[in-house]
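Geometric and topological summary
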Amino acid sequence: MQLNIKDKFNKELPSDPILENSRRQVAEACFSYVTPKQTRKPQLLHVSPEMIEKLGLSEEDVKSDDFLNVFTGNDVLSNTKPYAMCYGGHQFGNWAGQLGDGRAINLCEVEHQNKNWVLQLKGAGETPYSRTADGLAVLRSSIREYLCSEAMFHLGVPTTRALSLALSGDRVLRDVMYDGNSAYEKGAIVCRTAESFLRFGNYQIFAARQDEKNLRKLVDYTIKHHFTDLGVPSKETYIAFFKEITNRTLNMIIHWQRVGFVHGVMNTDNMSILGITIDYGPYGWLEGYEYDWTPNTTDRQHKRYRYGNQPNIGLWNLLQLANAMYPLIEEAEPLEAILNQYKVDFDKRSLEMMCSKLGLQIEAEKDQSLIQELEDNLHLTETDMTMFFRNLANFKKEGVVEGLAVINDAFYKPDEVFGNIEKRWKDWFATYAMRLQKETHSDEERKENMNLVNPKYVLRNYIAQLAIDDADKGDYKLINELFQILKKPYEEQPEYEKWFAKRPDWARHKIGCSMLSCSS
Ligand code: AMP
Ligand code: MG
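Residues numbered from 1 in each chain as written. Chains lettered and ligands numbered in written order. Predicted model: local features only at pLDDT ≥ 70, side-chain atom pairs only at ≥ 80, totals over all residues. Heavy atoms only, no water.

This paragraph deals with the site of ligand 1. The full set close to ligand 1 counts 17 residues, and Gly100, Gly102, Arg131, Gly135 and Asn270 are the nearest of them. A distance of 3.3 Å separates a nitrogen atom of ligand 1 from a polar atom in the side chain of arginine 103. The side chain of aspartate 134 places a nitrogen or oxygen atom 3.2 Å from a nitrogen atom of ligand 1. Bound to the protein, ligand 1 loses 83% of the 480 Å² it would expose on its own. Partitioning the shell around ligand 1 into residue classes produces four nonpolar, six polar and seven charged. (Near = heavy atom within 4 Å. Polar contact = N/O pair within 3.5 Å; in protein donor to acceptor, adjacent residues only side chain to side chain. Areas by Shrake-Rupley, 256 points an atom, 1.4 Å probe, with all protein chains shown as cover. Nonpolar A, V, L, I, M, F, W, Y, C, P; charged D, E, K, R; others polar.)

Bringing the side chain of lysine 122 into the picture now. Note on placement: lysine 122 falls in strand β7 (residues 115-122). Residue class for lysine 122 comes out buried when judged on its relative accessible area of 12%. Residue contacts for lysine 122: discarding those within four places in its chain leaves Arg103, Ala104, Ala137, Glu145, Ala188, Ile189, Val190, Arg192, Asp279 and Tyr280. (Helix = DSSP H or I, 4+ residues; strand = E, 2+ residues; numbered from the N terminus. Buried < 20%, exposed > 50% of the residue type's maximum accessible area, 1.4 Å probe, protein only. Contact = heavy atoms within 4.5 Å.)

Moving on: the pairing of strand β6 (residues 104-112). Of all nine residues in β6, seven are buried; the element is thus mostly enclosed. By the bridge criterion, eight bridges tie β6 to β7 in an arrangement that is antiparallel. Looking at β7, one finds that cysteine 108 is bridged to leucine 119. Between β6 and β7, which pair antiparallel one after the other, the connecting turn spans two residues, and glutamine 113 there sits at a positive phi close to 45°. (Pairing = 2+ DSSP bridges.)

Moving on, we get to a negative patch on the surface. Together, Glu236, Glu330, Glu331, Glu333 and Glu336 line one region of the surface with negative charge. Mapping glutamate 333 onto the fold places it in helix α10 (residues 332-358). (Patch = residues over 30% accessible without salt bridge, like charges linked within 9 Å, V, L, I, M, F, W, Y side chains within 5 Å. Salt bridge = Lys/Arg side-chain N within 4 Å of Asp/Glu carboxyl O. Lys, Arg positive; Asp, Glu negative; His and termini not counted. Charge placed at Lys NZ, Arg CZ, Asp CG, Glu CD.)

Right, let's talk about the packing of aromatic side chains for a bit. Scanning all chains against the criterion turns up 28 aromatic pairs. Ring centres 5.2 Å apart and planes at 80° place the aromatic pair tryptophan 428 and phenylalanine 429 in the edge-to-face group. Among the residues examined, tryptophan 428 registers a relative accessible area of 1% and is labelled buried. In this structure, arginine 304 packs its charged tip against the face of tryptophan 316, placed 4.6 Å from the ring centre. (Phe/Tyr/Trp six-rings, centres within 6.5 Å; stacked < 30°, edge-to-face > 60°. Lys NZ or Arg CZ within 6 Å of the ring centre and 35° of its normal.)

In short, shape yes, function no, at least from these values alone.
If you want it as structure tokens, here you go:
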């Protein structure tokens, strides 16, 4: 196996001088060297053909023992020195101190076709940052990360990606619902990839420790390798750096809102400095369009990370990053101006995004209220987001088909749609039909455009759970089927129509389908 290894992070940045793998506070270092754990019986379950190509590997490589061993942590590539990163973070609004890669181990950086890829194993054993946990991952959460990160990529959402999914052959003890009922589950390892896995928390930890020297080193390193266009470090560059991170974060969240993705744990340690979706844990997909929905059971009480609050949390997290960057800038105004602009940009981009979901290309005065009324209507009775927007593209502007008939399949309880609810929908469709008259493109063209932004297939919570249930029994076919479907989320794929369906009733309250735990 020939990879073009170009390690930079562990070569250019300060390392933890202690090599022992004990849990501890690590000061004045960006990472600690670690060795992945040997596993009992590693077995590859799936490999992403696209990622193989992106890394410059071949099908032959994938079949080799080398591949299996390296991407399950049983072998370390020569000339590489795996490491775990040191970071801190705000968890659920509170500063949590040092967190770090507790169950992620970076193997190396690979350069191919002018791109940098960090290869990182998730679930390959303890690191100095494992705190009270075991550094391992279970099959269910690994399937969820593997499938969803690739699905998000194909949806056009900035994200980390995944190279491989493997069983470790070891058993892992987990208490899924935190109710004292621990059980053994199959252990698994995902090799995930990204240009960089740096998070807001990597910078915050130095700021919290008043270690300006290393904060500056890390920021300068990040600009040099990942924000090259910004040029040489200076106060202005740091401000531009923060502005760029703000723009990228906003862009990512707008995409989440567009496709109905709810991250579930937007702690600052789970916010990528590159503005890519990172750390797929108790995430979920909106079924009923509901601002208040959160997939994460830990967040059920306050719903901090609910769908409708993601844009606000993005801003809150950016404020924490601004605080961390402040010692290098020593001026609050430019940072405040950037944060204020986020709100302005959010309103603008959110409106544009919703207009695109409705197939509106020309700007018109009352679009804001058309969208507001739509969002209100979507909350009247449980209405499936994905089905609603996909089917809405079948509406005809001449009004020959009744709007409600077009979207009827999206209602979980169609018999609730009468009286006032029915009237409000009819009113909305009347306004929408009138609004469409202003557009110059035909119904067919509009449908084509809408189908490029409103996916037909997303990794619904219950669908992922079906793949997990099968995999637990040793049947991995559905993982592959979903992997293939989700590569073309905007295409009709009539052979897979059965996955274009509302959540079935059995899934409404099932663990893994409607409730997800951080215990992964
Ligand atoms: P999360 O919010 O799930 O991204 O994780 C928060 C912190 O807990 C990170 O520092 C993780 O590395 C760590 N962590 C989560 N699960 C485990 C585990 N099973 N073993 C060790 N550390 C973990
Ligand atoms: Mg995390």
